[in-house]
Amino acid sequence: MDTYGSRLSGSAALESAIDWVLEQMKSDGLENVRGERVMVPHWVRGAESAQLVKPRKIRLAMLGLGGSVPTPTPGITAPVLVVSSFEELTARAADAKGKIVLFDAPFTTYRETVHYRVEGASAAARVGAVASLIRSVASFSIHSPHTGVMHYDSTVARIPAAALSVEDAEMLHRFQNRGQPMVLTLHMSARTFPDAASRNVIGEIRGRERPDEVVVLGGHIDSWDVGQGAVDDGGGAVAAWEAVRLMHQLGLRPRRTVRVVLWTNEENGGRGAQAYRDAHSAELPRHALAIESDNGTFSPNGFRFSGSEAGLARAQQVGSLLSGIHAGSVTKETQSPEADIEPLVERGVPGLGLDVDRTRYFWFHHSDGDTLDKVDPAELARCVAALTVMAYVIADLPDGLPRTASR
């Protein structure tokens, strides 16, 4: 975190961090340590700013959204229209033409609120807006904007897209509610370059009886280009790595192979997860389980499971071993519990996501505040314990987890 900092796909920092991890895994004594090549998106933020011109001059706290196009070199200066939802934008479509649209949608759940970040620019362009802003997708704020990926609909114009801090979004909404016209100047020099080469990082403990059967666990090594990517997902990646290192240190060699994977490009493409699926497609029928830690390394509650009912029952039996650290809960999910294991779950591999106390996760997620001091060593240690026990016991079961049919 401190040495390499943020690790956005395509950056030199990410590749230097990967080089370091590979050397450390070899020093740890892990087997078959390698980097598997992945081509990833390469988006660079560049200089950017948002300046309120009317009703008073003030620099707003903003971060461009990942994948956004730039503004013209002079910037975009235009009136602002604030809406609280897509439905309100549709109702006020006639007012949006030629304006900068701000979606001031309060945080409810991440899965619900993130739609404004991902789809807001195209929705605004569809009604003639010249740029799109969102209230940061954050459950708490100290004037800190949060970035994240956005996507363009190919049927409408591509307009610049950025996030404002919660405080600034609410202030602009109050201006509008008081009938005070607003004008804002937006500057963004973001650029998208050709895809760049990166790697998934892999290390193993080979199984003593069934080395061709695999339990995978990991997190993602990339991050956004702000903060240090400690909560999302440096801590989760290190926790999975430490779980496998700990097994090796203790001389534990289960029946099946335990493989740690630090996926690349989770944040703005998911290419690492797709590349792992494709490179290991022939092995997937022999993948006994896939585990990911990608919600921070806060105090663990247990796991979220995707798979068969019989597999759930077996995972719950294993989870009971973690009751002493209050991490024994294993609950059913109707979809993949995490993004990087989703391509494997879709092929029938049972999936587990480490379930932690996420009260503070979206305070720091995708922001400059995502730094190493947010990782509590005692909480991290309990996450490592939970991952180690679950991965080792499943890897050592005589008959493994009952799984769903491959799709």
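Scroll up a little and you will see the structure.
Residues numbered from 1 in each chain as written. Predicted model: local features only at pLDDT ≥ 70, side-chain atom pairs only at ≥ 80, totals over all residues. Heavy atoms only, no water.

Draft legend 1. View of helix 5 (residues 166-177). An ideal rise of 1.5 Å per residue puts 16 Å on twelve residues; helix 5 measures up with 17 Å between its terminal C-alpha atoms. Where helix 5 is concerned, the buried positions are Val-166, Asp-168, Ala-169, Met-171, Leu-172, His-173, Phe-175 and Gln-176. Gly-179 sits one or two residues past helix 5 and shows a positive phi near 80°. (Helix = DSSP H or I, 4+ residues; strand = E, 2+ residues; numbered from the N terminus. Expected span 1.5 Å × (residues − 1). Buried < 20%, exposed > 50% of the residue type's maximum accessible area, 1.4 Å probe, protein only.)

Draft legend 2. Geometry of the sheet that holds strand 5 (residues 76-83). Spatially, eight strands are ordered 3-2-9-5-6-7-8-4 in an open sheet, and the strand pairing comes out mixed. In the strand order of this sheet, the two ends are held by strand 3 (58-60) and strand 4 (62-64), each with one partner. For this sheet, the mean angle separating the axes of adjacent strands, direction not counted, is 35°. As paired elements, strand 2 (residues 48-54) and strand 9 (residues 183-188) share six bridges and run antiparallel to each other. Residue pairing for strand 9: Lys-54 is matched across the bridge by Val-183. Relative to the sheet, helix 5 contacts strand 2, strand 3, strand 5, strand 6 (100-103), strand 7 (131-135), strand 8 (161-164) and strand 9, its axis offset from that of strand 5 by approximately 80°. (Pairing = 2+ DSSP bridges. Axes fitted to C-alpha atoms, helices over the stretch in contact; angles between N-to-C directions. Contact = heavy atoms within 4.5 Å.)

Draft legend 3. Focus on the sheet that holds strand 13 (residues 287-292). The sheet built from eight strands is open, its strands ordered 1-10-12-11-13-16-14-15 with mixed pairing. The sheet is open, and its two edges are formed by strand 1 (31-44) and strand 15 (329-332), each paired on a single side. Each strand axis lies, on average, 25° off the axis of its neighbour in the sheet, ignoring direction. With six bridges joining them, strand 14 (residues 300-306) and strand 16 (residues 351-356) adopt antiparallel strand pairing.

Draft legend 4. Representation of the pattern of salt bridges. In the structure shown here, the tally under the stated rule is 31 salt bridges. The partner of Glu-283 in a salt bridge is Arg-259, and the shortest N-O contact between them spans 3.1 Å. Taken together, the positions of Glu-283 in the loop between helix 7 (271-279) and strand 13 and Arg-259 in strand 12 (residues 256-263) put the pair 24 residues apart, joining distant regions of the chain. (Salt bridge = Lys/Arg side-chain N within 4 Å of Asp/Glu carboxyl O.)

Draft legend 5. The arrangement of the side chain of Thr-185 in detail. Checked against the element boundaries, Thr-185 lands in strand 9. Here Thr-77 takes part through its side chain, which lies 2.7 Å from a polar atom of the side chain of Thr-185. Apart from residues no more than four positions distant in its own chain, Thr-185 is found in contact with Ser-49, Ala-50, Gln-51, Val-53, Ile-76 and Thr-77. (Polar contact = N/O pair within 3.5 Å; in protein donor to acceptor, adjacent residues only side chain to side chain.)

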